Each structure stands twice: as C-alpha cells, then as structure tokens.
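Okay, here's what each chain looks like letter by letter:
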Amino acid sequence: MTTLAESFLADLDDLDDASDREQDEQQEEDDADEMVVDDIDNLNYDSLEAVAHLRASDRYREIMQRVKDALEGKEENNRVWTGPSEEDPTYRLLVDCNQLAVDIDNEIGIIHNFMRDKYRLKFPELESLVHHPIDYARVVQAIGNEMDLTMVNLDDVLPQATIMVVSVTASTTSGQPLSPDILQKVLDAASIALQLDEDKSLILQLVQQKMHKIAPNLSTAVGTEVAARLMGVAGGLINLSKMPACNVQVLGAKRKTLAGFSTATAQPHQGFIFNSDVIQQTPPGLRGKASRMVGAKCTLLARMDAYGQDPSGQAGEAMKAEMKKKVDKWQEPAPAKQHKVLPVPDMEPKKRRGGRRFRKMKERYGLTDMRKAANRMNFNQAEEEYIDGEDTIGLGTLGKEGSGRLRIQAQQQKQKLTAKSQKKFGKRLYGSAGGTATSGLTSSLAFTPVQGIELTNPLLQAQQEDAQRSGTESYFSEYSGFRSIKGK
C-alpha cells in the first residue's frame, strides 16, 4: 500500500510526462507551419505554370479526349445498358465531365487573377470596367501593349457603351507599356483562358446531348446544364436523389463578400438552381420562394430518374408547367373585396296562420298590459329604473301620468277548460257527474278574523280558484290526471 507522499510524487511524474508530450506536439505543429510558409515563399508567381497546372494533368487530357470522341460519334451511343445506372459508362462520363467543368471554372479564375496582377501596370482601370474573366482575356489580347485604343478594334469583344468607356479611360490612364517578357506571359495566360473556355463549351455540348438519356425529367424541368451541375456536385444521380430539398437548393452556393455594400438586396443561398429558367423568369422578390419550390421538385424528379420511373420525360414537363403556373399565381393581385348587394324587398303580404288554435296561442303568449306599458316611453320624461343584480331595467310608463288609467293590474291569463276537463275536475272534487255534490269533509262554515264564523259556498270557492288558475299550467299540474284508471 502506497503512502500519501509516494502518490503525490507519482502525480508529479505524470504531469511532467503530459507537459513533455504537449511541447513535442507544439514543436511538430510549428515545424509544419514553417514548411508550409517556406513552400509558399518558394512558389514562383511570375510563371503561369506554377499557379495553373490543370491543362498539364493526365486526367484533363483523358476526359477531353473521351469528350471529343463522343461528340464525333466514335463511341457506341445506341447500346442498351442493363446494369445499374451508376455503372453506366455514359453516366460516369457525364459525372467526370461535370467535375472537370467545375475545375475549369476555378482554373479560369486563377488565370484571371494572374492577368490582372501583370496587366495592372499597363491599364489598372480595365479590371473595374470589364469584370468577366473571358471578356477580360479577349480585351487584353486585342489591346496588347497599344497605348492608343483608337487603333484597336473592340467591336467583336465588347458592346459599344463599354467600348466608349474603355477608350475614354485609356486616354487618361496612368499605366505604362509592359516589357516584352511580361507582355508575353499575359498573352499566354489569355490564350490558355480562352482555350479552357472552348473546352468547357465542348463539355457542356456533350452534357446537353447525354443528360436527356441519364436524367430526362430533371433535365426537362431545370435544363441540362443545371441538372449536370447538380448531379456532379452531389456525386451522382443516386446521391442527388437521397439529398433533402433544403440541401439541393444551396448546392453550388458561394459565400459573397459584401464589404462596403448594402445587404438589403443580397439574396443568400443562390445555388445552381438559380440559373434555371423558372427562377430567372420570376421577379426578384419571389425568387427565394421559387428556389425552395424548384429545390423540392428537383429532389422528386431526381428520384424518378434514378430508378427509371418515367424515361419519356413527361413528368418533368408537367412539373415545369406546374411551377410556372404557381409563379404566375403568386404574381396575381389580391381579389377585390366584393360588396354584397341587399336583395330586393318582398312587398307581398305574408301568409299568416289563423284559426282557433292560433288565437288561443296568441292569447296565451301575448304581451300583457304591464309589459306593454313597460315598453313605452313618454316624450320628454325620464323613466324610472331599478337595478337587478348587474342589469338596470327600465319601467317605461309604469306609474306615470297620462296613461289614462288609475292603476294597471297584472291579470293572469285564463284558459277555459273543455267539457271533458270539467268532468275530470268534478270527479277530482269527489262529486257526482256534473260536480254538484261535495265531499263529506267539506264544510260551509269558514272562520275569519273579522266576522268569526261565516257561511261559504264550497262550489263557488272552487270555481273562483279554477278561474284564477294560470293557462300555462303544465301537463302534470294538479288539475290534470289519468284519463282512465282500470280497477284491479
């Protein structure tokens, strides 16, 4: 069993070993960084071959030879491939061509930077007037070392407006003629850039011929060039079909440096699909929404093409028409608010129900005199009110002068009994037929606090109670009963 001192010494040894390892790793990283810096310093940027070496690669020569053979018809184009689509030679050639087209674009950008750095001594303002790399290379080839641009014909290279601006700027430029060595390097770079552009056009021509065979629906919807770029960046048609729509939308997007410029009009996530006809024909305000729609449709069409569901391309045409229809629908103005016109009033008299039953119902549920008085108001007189919980109820003309009556009594509505009901009511009072006899418990003597003992008529009292009975009594009132009772 180790002691506390031995444990402490062991921990110190471990810390020393860890610090030594960290120092060794840091030293290795520093050495690697110094080697990278030395390599960058040793690069010769005066030589074009040091920065642009794509044309000298074996892969470039092999693919371009296959492209030329395919365009000349030396390869068998009518053979039917029965294996997986990923192993089809035509499919693999298109994928390689698309990857090479991307490399050519990057190579042209590098050559453009090389030309600008060298030709800036002659014409520093030209790079701000001509932005496209190929146009810049053609202008440099045409101008060369000439200081007077009136002697140079640029009609086949630039539009007239740009030619005028370039000529005026060249007359006041501060540049000096280049040395023959530097001028030759610039002209060689321009020639290489133009040759790369021609090779790219051959690749795109082959892609347009073959994409309708590999991905007919996707090519019909977004174009052969956009479809080839999407397929090449995704790594194949199968991989493109497995990607979600949100990722297809941003394939080929590049981060833009907007230093010093406003970001109000900047549209992020501009991938390859922004070059499709559907998005280019859409107003700028709706292009973001259109790009999401096109990305979703590209995913569906790629899945159809990957598994050969519709080789005719009719599904792609239908989806393209659907997308254009949706874009047109977005641009339609909102429908105007419709003002509903009131119908023509019907002046014909209404059919009203009549008869004894209707009169009885109207008599039963009609307004009483008190309710009529409460609903009326006298001119220039405030009505009395009372508070019932949270409600304030007005009394109208109740208790007001000018009603024409001294007092309004709340009379109960009466309901006349039929002969059958009167007979039933007489039996209920233990009388014989007609109700002339009274019960044995009934007495004609009544005790009152005023007169003491008083003679009364029970039948007359029953009739008065019957007269005062409300007409809205329910079926189960005390005056109702069974129609017949069977004896046991």
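Quantities reported herein were computed from a predicted structural model and do not represent experimental measurements. Residue positions are counted from 1 within each chain, in the order its sequence is given. Local features in this predicted model are restricted to residues of pLDDT 70 or higher, and side-chain atom pairs are both shown and tallied only at a pLDDT of 80 or more, whereas totals for entire chains, interfaces and linings draw on every residue. As a rule here, side-chain values come from all non-hydrogen atoms in the structure, and water together with hydrogens is ignored.

### Here we look at the side chain of T224
Alright, step 1. Strands are runs of DSSP state E lasting at least two residues, helices are runs of H or I lasting at least four, and both sets are numbered from the N terminus onward. Position of T224 relative to the elements: it lies in helix 9 (residues 224-234).
Alright, step 2. What makes two residues a contact is simply this: any of their non-hydrogen atoms within 4.5 Å. Apart from the residues lying within four places of it in its own chain, the contact partners of T224 are V207, Q208, M211, H212 and S219.

### Observations regarding the packing of helix 3 (residues 89-119) against helix 7 (residues 180-214)
Alright, step 1. Only the stretch in contact is used when a helix axis is fitted, and all axes are lines through C-alpha atoms; the angle between N-to-C directions ranges over 0 to 180 degrees. The contact between helix 3 and helix 7 brings their axes to 9 Å, and the two run at 160 degrees. Between helix 3 and helix 7, the angle is such that the two are roughly antiparallel. When you trace helix 3 past helix 7, the crossing you get is left-handed.
Alright, step 2. Grouping the constituent residues of the contact of helix 3 with helix 7 by class yields 24 nonpolar, one polar and eight charged. Angles below 35 degrees are treated as roughly parallel, those above 145 as roughly antiparallel, those between 65 and 115 as roughly perpendicular, and all remaining angles as oblique. Here a crossing is taken to be left-handed if its near helix is turned anticlockwise relative to the far helix by less than a right angle, and right-handed if that turn runs clockwise. Under the scheme applied here, ten amino acids are nonpolar (Ala, Val, Leu, Ile, Met, Phe, Trp, Tyr, Cys and Pro), four are charged (Asp, Glu, Lys and Arg), and all others, including Gly, are polar.

### Quick look at the confidence of the model for the protein chain
Alright, step 1. In predicted models, pLDDT denotes the confidence assigned by the predictor to each residue on a 0 to 100 scale. The share of residues in the protein chain with pLDDT of 70 or more is 69%, and the mean pLDDT across the chain is 76.
Alright, step 2. When pLDDT is averaged over each element of the protein chain, helix 14 (residues 314-331) comes out on top at 92 and helix 1 (residues 4-42) at the bottom at 54.
Alright, step 3. Segment residues 32-44 is flagged for pLDDT under 50; beyond a separation of four residues in sequence, or across chains, it makes two contacts in the model.
Alright, step 4. Here residues 80-84 scores under 50 on pLDDT; set against residues more than four positions off or in separate chains, the count is three contacts.

### Focus on the nonpolar core
Alright, step 1. Counting residues in each nonpolar core, the largest one holds 84 residues, and the members touching the most others are Y119, L126, I203 and L240.
Alright, step 2. Of the residues forming this core, the biggest block, 13 residues, is contributed by helix 3.
Alright, step 3. Among residues more than four places away in sequence, those in contact with Y119 are L126, Y136, V140, I143, G144, L178 and V186. For this analysis, a nonpolar core means a set of buried residues of the types Ala, Val, Leu, Ile, Met, Phe, Trp, Tyr and Cys, connected via side-chain atoms within 4.5 Å. Categorising residues by exposure relies on relative accessible area from a 1.4 Å probe, with only protein chains included: less than 20% of the type maximum marks a residue as buried, more than 50% marks it as exposed, and the intermediate range marks it as partly exposed.

### A look at the pairing of strand 2 (residues 391-394)
Successive residues of a regular strand alternate their side chains across the two faces of the sheet.
Alright, step 1. By the convention used here, strands pair only if DSSP detects at least 2 bridges between them. Sheet topology places strand 1 (residues 385-388) next to strand 2; four bridges connect them, and they run antiparallel. Within strand 2, the position partnered with E385 by the bridge is G394.
Alright, step 2. The antiparallel pairing of strand 1 with strand 2 creates a hairpin that spans two residues between the two strands, and G389 there sits at a positive phi of about 70 degrees.

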